[in-house]
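# Inside the fold
Here is what each chain is made of, one letter per residue.
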Amino acid sequence: MALKNSYLINLIENVKKRNQGEPEFIQAVTEVIETLEPVIEKRPDLIEAGVLDRLVEPERQIIFRVPWVDDNGKVQVNRGFRVQFNSAIGPYKGGIRLHPSVYIGIIKFLGFEQVFKNSLTTLPMGGGKGGSDFDPKGKSDGEVMRFCQSFMTELSKHIGADTDVPAGDIGTGAREVGFMFGQYKRLRNEFTGVLTGKGLTYGGSLARTEATGYGLCYFTKEMLAANGKSFDGKTVVISGSGNVAIYATEKATEMGAKVVALSDSNGYVYDPDGIDLACVKQLKEVERKRIKEYVATHPNATYTEGCKGIWTIKCDIALPCATQNEIDGESAQILVNNGCWCVSEGANMPSTPEAINTYLANGVLYGPAKAANAGGVATSGLEMSQNSERLSWTFEEVDEKLKGIMTSIFQACDSAAKEYGMEGNYMAGANIAGFLKVAEAMKAQGCV
Ligand code: NDP
Ligand code: 2IT
């Protein structure tokens, strides 16, 4: 989409100049700013209050050394990050990514997206994100623990239950959250809801593990229903085989779909009989093995090296649940050519701008990440509420609330898109609806 508003054109130019070498951050900002043009034309007061200029600059960025000792007694050094992006509507909230590709540009893009996503959840959470270039793959439990303790030793100075509440993301699951929580408690001598995604024996919420994948399916179900469609009898391709992919597979299958493929960063499996999720859970959640092991016990399934090829599998619905920019323009075109008519995003920013243009040009129902995958952080918000009142709710209670939140997110995207003359463009709707709440709060609080 080409911008016409000169203020916004200058704003993006400035973001590009000030954030060189951070293409993911520039990509995330550009997408949002482009869809805000009709709002800005109607709301000069927001420009006057400097809301946009402030919105594209994180409130605080913390970068620190994370030294730890490996199993051979050798000192290793990683880099840790926490970007506290925006606290206009609540304490900073967002996950911690542990992956060798992490650098400040990735954390800033994720933190920026989180601001709008958290606003859409209807809960009082600002946006933040953290992480490290540490790779948990192939490390022993002891190494992961020593890394997490070192990471938290510094991070603990900057977070708190009413300040900034981290959680999981790629490479950070229950094990890592547990080690980080233990270290925070030891350092501060306080037992608080400083992290979410905690284990059920020490303050975690039921349904948080399932929440992102389930929430993705609840959102997608609403989007499909609004367009006279459903999951029932549809063929679905899901990328990734981590937390989000596993529980998206579970819920989509429960809703009557057949999930035929999953992947990891090495390759993908195609099972025409439908993915056997019990096997995937055992391989991935228990044994921490590669997805290619699946074919050893499933003779009808095939494994192909390389992850991009997963988008050449014929499907009705694609749910990318692995990582950013995993669907480029070429893959999007192949999906469309093969008859795919819905893409809904479990991962953060999995589609490149070219891919998104391809969806929109071909009438593909497109559920954008910051709306479609908001169920994880929404349930983190529910974990914070339970921690505050020192009670825990049943699985059914949390799941019902999650469904309600995902339905209201879809409705907010749908009505904002309609109000600004872009009916059916849920990306524009998500950006606008997420933005307006944060913008009003920033304006009301003055120039801070
Ligand atoms: P996990 O670490 O549990 O799983 C990540 C999966 O994606 C793995 O299968 C991994 O394969 C694959 N993957 C990671 N990086 C790449 C890559 N560069 N290329 C190809 N595949 C890759 O993470 P989650 O399931 O939690 O996260 C998946 C996505 O969902 C991320 O974009 C995350 O930001 C987003 N998300 C997560 C939420 C949550 O609550 N966990 C909430 C909202 C969004 P391998 O094992 O080979 O690395
Ligand atoms: O991208 C995300 O929304 C997450 N990784 C979840 C963040 C959270 O605080 O639960």
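In what follows, the accompanying structure is described. (Residues numbered from 1 in each chain as written. Chains lettered and ligands numbered in written order. Predicted model: local features only at pLDDT ≥ 70, side-chain atom pairs only at ≥ 80, totals over all residues. Heavy atoms only, no water.)

### Comments concerning the site of ligand 2
Every one of the 14 residues lining ligand 2 counts as a neighbour, but Lys93, Gln114, Lys117, Asp169 and Ser380 are closest to it. Take Gln114: an N or O atom from its side chain is 3.0 Å from an oxygen atom of ligand 2. Side-chain polar atom of Lys129 to an oxygen atom of ligand 2: 3.0 Å apart, as the coordinates give it. Starting from 300 Å² of accessible surface for ligand 2 in isolation, the protein chains cover 94%. When residues of the shell around ligand 2 are traced back to their parent elements, those giving at least two are β3 (92-98), α6 (104-120) and α16 (375-389). (Near = heavy atom within 4 Å. Polar contact = N/O pair within 3.5 Å; in protein donor to acceptor, adjacent residues only side chain to side chain. Areas by Shrake-Rupley, 256 points an atom, 1.4 Å probe, with all protein chains shown as cover. Helix = DSSP H or I, 4+ residues; strand = E, 2+ residues; numbered from the N terminus.)

### Here we look at the packing of helix α1 (residues 6-18) against helix α2 (residues 23-35)
Closest axis-to-axis distance for the α1/α2 pair is 10 Å, and the angle between their directions is 170°. Classified by the interaxial angle, the pair formed by α1 and α2 is roughly antiparallel. Counting all contacts with α1, which are made through Leu8, Leu11, Ile12, Val15 and Lys16, the residues of α2 involved are Phe25, Ile26, Val29, Thr30 and Ile33. Split into classes, the residues belonging to the contact of α1 with α2 amount to 8 nonpolar, 1 polar and 1 charged. (Axes fitted to C-alpha atoms, helices over the stretch in contact; angles between N-to-C directions. Parallel < 35°, antiparallel > 145°, perpendicular 65-115°, else oblique. Contact = heavy atoms within 4.5 Å. Nonpolar A, V, L, I, M, F, W, Y, C, P; charged D, E, K, R; others polar.)

### Structural notes on the pairing of β3
Burial within β3 is extensive, with 7 of its 7 residues counted as buried. Relative to strand β4 (residues 127-132), β3 runs parallel, the two sharing 3 bridges. Residue pairing across strands places Arg97 opposite Gly131, the latter belonging to β4. Crossover connection from β3 via α6 to parallel β4: handedness right-handed. (Buried < 20%, exposed > 50% of the residue type's maximum accessible area, 1.4 Å probe, protein only. Pairing = 2+ DSSP bridges. Right-handed = clockwise from strand over helix to strand, strands pointing away.)

### Observations regarding the packing of aromatic side chains
Using the criterion set out here, one finds 15 aromatic pairs in the structure. Taking the centre distance of 5.3 Å and the plane angle of 85° together, the rings of Trp68 and Phe134 count as edge-to-face. Taken as a pair, Trp68 in strand β1 (residues 60-69) and Phe134 in the loop between β4 and α7 (141-155) lie far apart in primary sequence, 66 residues in all. In terms of burial, Trp68 and Phe134 fall into one category: buried. Taking the centre distance of 5.7 Å and the plane angle of 75° together, the rings of Phe219 and Phe410 count as edge-to-face. Taken together, the residues Phe219 in helix α9 (residues 208-226) and Phe410 in helix α17 (residues 395-419) connect sequence positions 191 residues apart. Assessed through its relative accessible area of 0%, Phe219 is described here as buried. Using a relative accessible area of 4% as the deciding quantity, one classes Phe410 as buried. Every member of this aromatic cluster is reached through a ring pair, and the members are Phe64, Trp68, Phe134, Phe147 and Phe151. (Phe/Tyr/Trp six-rings, centres within 6.5 Å; stacked < 30°, edge-to-face > 60°.)

### Observations regarding the nonpolar core
Within the largest apolar cluster, 58 residues are counted, with the highest numbers of intra-cluster contacts made by Phe219, Phe231, Ile238 and Ile409. Among the elements that make up this core, the one with the highest residue count is α9 (8 residues). Excluding anything up to four places from it in sequence, Phe231 contacts Cys217, Thr220, Lys221, Leu224, Val236, Ala252, Met255, Gly256, Ala257 and Ile317. By size, the runner-up hydrophobic cluster in this structure holds 45 residues, among which are Leu3, Val29, Phe81 and Ile432. (Core = buried A, V, L, I, M, F, W, Y, C linked by side-chain atoms within 4.5 Å.)

### A closer look at the site of ligand 1
Of all residues adjacent to ligand 1, which total 26 residues, the nearest are Asp169, Thr212, Ser265, Arg290 and Asn348. Here an oxygen atom of ligand 1 and a backbone polar atom of Val244 are 3.0 Å apart. Ala322 is positioned with one of its backbone polar atoms (N or O) 3.4 Å from an oxygen atom of ligand 1. For ligand 1, the protein covers 85% of the area, taking 880 Å² as the surface of the free molecule. For the shell around ligand 1, a count of residues per class yields 6 nonpolar, 13 polar and 7 charged.

### Examining helix α10 (residues 243-254)
An ideal rise of 1.5 Å per residue puts 16 Å on 12 residues; α10 measures up with 17 Å between its terminal C-alpha atoms. Among the residues of α10, Val244, Ala245, Ile246, Tyr247, Ala248, Thr249, Lys251 and Ala252 are the ones counted as buried. Looking one or two residues past α10, Gly256 carries a phi angle of roughly 100°, positive in sign. (Expected span 1.5 Å × (residues − 1).)

### Some details on empty space enclosed by the protein
Counted by the stated rule, this structure contains 1 cavity of 30 Å³ or more. Roughly 60 Å³ of volume is contained in the largest cavity. By residue class, the composition of the lining of the largest cavity is 5 nonpolar, 1 polar and 4 charged. (1 Å grid on protein atoms, 1.4 Å probe; cavity = no way out; pocket = protein on both sides within 12 Å on 5 of 7 lines; lining within 4 Å. Points joined across faces, edges and corners; volume = space filled by probe spheres on them.)

### What about unusual backbone geometry?
Even without being a glycine, Asn189 presents a positive backbone phi close to 55°. Tracing the backbone through its elements, the reader meets Asn189 in the loop between α8 (174-188) and α9. By relative accessible area, which is 73% here, Asn189 ends up exposed. Backbone geometry at Ala207 places phi at a positive 75°, although glycine is not the residue there. With respect to the secondary-structure elements, Ala207 resides in the loop between α8 and α9. Residue Ala207 is classed as buried on the basis of its relative accessible area, which comes to 7%.

Read these as geometric descriptors, not functional statements.
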